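# Residue-level structural notes
Okay, here's what each chain looks like letter by letter:
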Amino acid sequence: MMDILHVGMLHYDSFAYHLNFDPDQWGMSIQSITPDSISHVIPDSFDVVVTTCEYDPVSIDMVRHIKALGIPVLLVLDGVLEWRNNWDRPFDRNDAVQVPFLLPAFSDKIACIGRSQARLLEAWGNWGKCEITGCPRLDRLIKKKSQQDKNIVLIASSRPPGISSEQQQAFYRGFLDVRKYCEQNNIQIEWRITDPIRTWMNLESAPGDFTGKELSEVLEHVRAVISMPSTVVLESMLSGIPTAVIDYTNSPVYVPAAWTITAPEHMGPVVQGLLNPDPKRLLHQDICLHDSLECQTPATPRLIELIRRMGMAHREKRPLPDRILNIPGMVSAMPEQPFPLDACFPRNEFYQNRDMVELQAALEQMKAFLASLPLSELQTRYLLQFSWYKG
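Residues numbered from 1 in each chain as written. Predicted model: local features only at pLDDT ≥ 70, side-chain atom pairs only at ≥ 80, totals over all residues. Heavy atoms only, no water.

## What to know about the overall build of the protein
Put simply, the rule is: Helical segments are the DSSP runs of H or I of at least four residues, strand segments are the runs of E of at least two, and each set is numbered from the N terminus. Note on exposure labels: buried denotes an accessible area under 20% of the residue type's maximum, exposed denotes more than 50%, and partly exposed covers the range between, all computed with a 1.4 Å probe on protein chains only. Residue contacts follow a heavy-atom distance rule, with two residues in contact if any of their heavy atoms lie within 4.5 Å. Computed with the Shrake-Rupley method and a 1.4 Å probe, the accessible areas treat only the protein chains shown as cover for residues.
Looking only at helices and strands, one finds 14 helices and 11 strands in the protein. Taking all 391 residues of the protein together, 50% fall into the buried category. In the protein, the proportion of contacts linking residues at least 24 apart, taken out of those at least 6 apart, comes to 67%. In the structure as shown, the protein presents an accessible area of about 18800 Å², 53% of it carried by carbon and sulfur atoms.

## Topic: the sheet that holds strand β2 (residues 28–33)
Strand pairing within a sheet occurs via backbone hydrogen bonds; the two strands may be parallel or antiparallel. Note the following rule: DSSP calls a pair of strands paired once it identifies at least 2 bridges connecting them. To define axes, lines are fitted to C-alpha atoms, for helices over the stretch in contact only, and angles between the resulting N-to-C directions are given on a 0 to 180 degree scale.
As summarised here, the arrangement of the 6 strands in space is β2-β1-β3-β4-β5-β6, forming an open sheet in which the pairing is parallel. If you trace the sheet from one side to the other, it starts and ends with β2 and β6 (130–132), each paired once. Averaged over all neighbouring strand pairs, the angle between strand axes comes to 25°, with direction disregarded. Bridge count for strand β4 (residues 73–76) against strand β5 (residues 109–112) is 3 bridges, and the pairing is parallel. Each bridged residue has a counterpart across the sheet, and for Leu75 the counterpart in β5 is Ile110. Against the sheet, helix α11 (residues 300–315) contacts β1 (5–10), β2, β3 (48–51), β4, β5 and β6, and its axis sits at roughly 115° relative to β1.

## Topic: helix α8 (residues 231–238)
Within α8, 8 of the 8 residues are buried, which leaves the element mostly enclosed by the surrounding structure. Inspection of α8 places Thr231, Val232, Val233, Leu234, Glu235, Ser236, Met237 and Leu238 among the buried residues, and these make up the whole buried set. The first or second residue beyond α8 is Gly240, which carries a positive phi of 80°.

## Looking at the packing of aromatic side chains
The criterion, for reference: Classification of ring pairs rests on two measures: the distance between centres of Phe, Tyr or Trp rings, Trp counted by its six-membered ring, which must be within 6.5 Å, and the angle between planes, read as stacked under 30 degrees, edge-to-face over 60 and tilted in between.
A complete count under the given rule lists 4 aromatic pairs for this structure. Between Trp83 and Trp87, the aromatic rings sit 5.9 Å apart at their centres with planes inclined by 45°, giving tilted as the arrangement. Of this pair, Trp83 and Trp87 both sit in helix α3 (residues 83–87), 4 residues apart, which is roughly one turn of the helix. Residue Trp87 is classed as buried on the basis of its relative accessible area, which comes to 12%. With a centroid separation of 6.1 Å and an interplanar angle of 85°, the aromatic rings of Trp87 and Trp124 are classed as edge-to-face. With Trp87 in helix α3 and Trp124 in the loop between α4 (115–123) and β6, this residue pair connects regions lying 37 residues apart in the sequence. In this pair, the class of Trp87 matches that of Trp124, namely buried. Taken together, Trp83, Trp87, Trp124 and Tyr254 form an aromatic cluster joined through their ring pairs.

## A word on the nonpolar core
Defined as follows: Take the buried residues of types Ala, Val, Leu, Ile, Met, Phe, Trp, Tyr and Cys, join any two whose side-chain atoms come within 4.5 Å, and each joined set is a nonpolar core.
One finds Val7, Leu74, Leu102, Ile110, Leu121 and Ile307 to be the most contacted residues of the largest nonpolar core, which totals 38 residues. Sorting the residues of this core by element identifies β1, β3, β4, β5, α4, β6 and α11 as the ones contributing at least two each. Examining the composition of this core, we find that 6 residues originate from one element, α11, more than from any other. In this view, Leu74 contacts Val49, Val50, Thr51, Ser107, Lys109, Ile110, Ala111, Leu303, Leu306, Ile307 and Met310; residues no more than four positions away in its chain are not counted. Membership of the second largest hydrophobic core comes to 30 residues, among which are Ile155, Ile193, Ala244 and Ile246.

## As for the pattern of salt bridges
Quick note on the threshold: Between Lys or Arg on one side and Asp or Glu on the other, a salt bridge is scored when a side-chain nitrogen of the former is within 4 Å of a carboxyl oxygen of the latter.
Tallied over the entire structure, the rule returns 14 salt bridges. Here Asp3 ties to Arg315 by a salt bridge, and the two come within 4.0 Å at their closest N and O atoms. Of this pair, Asp3 sits in the segment before β1 while Arg315 sits in helix α11, placing them 312 residues apart in sequence. In this structure, the salt-bridge partner of Lys280 is Asp278, at a minimum N-O distance of 3.0 Å. Its relative accessible area of 61% is what places Lys280 among the exposed residues. Through salt bridges with shared partners, one network takes in Asp3, Asp47 and Arg315.

## What to know about α11
Selection rule: To estimate how far a helix should extend, the number of its residues minus one is multiplied by 1.5 Å.
Compared with an ideal rise of 1.5 Å per residue, which puts 16 residues at 22 Å, α11 spans 23 Å between its outermost C-alpha atoms and is within 8% of the ideal. Every buried residue of α11 is accounted for by Thr300, Arg302, Leu303, Ile304, Leu306, Ile307, Arg308, Met310, Gly311, Met312 and Ala313. Trailing α11 by a residue or two, Lys317 shows a phi angle of about 60°, which is positive.

## Notes on the packing of α4 against helix α10 (residues 279–292)
Angle between the axes and distance between the axes are the two parameters that describe a pair of packed helices. For the record, the criterion: In what follows, roughly perpendicular refers to angles from 65 to 115 degrees, roughly parallel to angles under 35, roughly antiparallel to angles over 145, and oblique to any angle outside these ranges. Here the nonpolar group is Ala, Val, Leu, Ile, Met, Phe, Trp, Tyr, Cys and Pro; Asp, Glu, Lys and Arg are the charged ones; every other residue, Gly included, is treated as polar.
Their axes nearest at 5 Å, the elements α4 and α10 cross at an angle of 55°. The angle between the axes of α4 and α10 places the two elements in the oblique class. In this structure, α4 uses Arg115, Ser116 and Arg119 to contact α10, whose residues at the interface are His290, Asp291 and Ser292. Here the residues of the contact of α4 with α10 sort into no nonpolar, 3 polar and 3 charged.

So yeah, pure geometry; function would need other evidence.
The following block contains the structure:
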């Protein structure tokens, strides 16, 4: 009989949405951990803890708290990485402080959706943490191919549509150019976009708006997809649909496509190429897909196996190996040296100071000061984590 594995879940609602499975079937007992309940967690509470977020100070603080108890933590990535989210994302809404995202990750292991994502994260200093599982929420699309013959193009955006106002304006211009070209050439457009783009383009009452519907349902009705850099690109490729990435900011691409639109003059050739795809391009699209997403077989069993083996290693007091899952063709990427965080994040004063002793002393002084304030436990934990970023 399979031993019951005790699994803690941070951000349980998000995880349950992306991985729909029966814990009993896999021999797991799952318990949600919240900021209010984390103080009650003890070293023997769980065999392993799973999170889907290292994006905000509270989430990172919870990960660090669990690790300090000696419990291994697995970060499950449920989508693509994107340049702006890693390098242009500010910590506060006044764009005053830039902070790194997964540079490096705090969790012990990272469940990556594909080989290219794992290589990138390892190059950022996460060597020995990356495991390739695929993306469980996309399992339903494996071997499900679109059969649409009509010239219908889906235009999709990400959330949010750019970090800065300049980036947002660039994407707006791109979508306007797509609409103009398609209207002039009698090509039907379907939309799956965010509210800011819909409002800016005056599309509140436009026909063919699939926003809010499940993407898998939408993809059954289109012949081609043009999307901002997002997981939509992989979902479309996985459905066998010719797919283009549109990005008028011309930022570096973490998930490449066989068709790319970075300027107005690309519009005609790319749209016509999507509707009448060259077999060579389709072959390259499949190559891009399988490097970006492990999808030859469903991801859910691999993720469950990773969780189980991490939990059993902790229960048996064994260290985690650099590689837990055996994925054919996995090639490691050594961390880039040196990694100039001070140059990458020039507005963050923390990275400009190279005096480690001074930084450690300042951090401990800030922790002691914040701990002395008459705040609730949750507020104190948040501020303590904020001091970690501010230095």
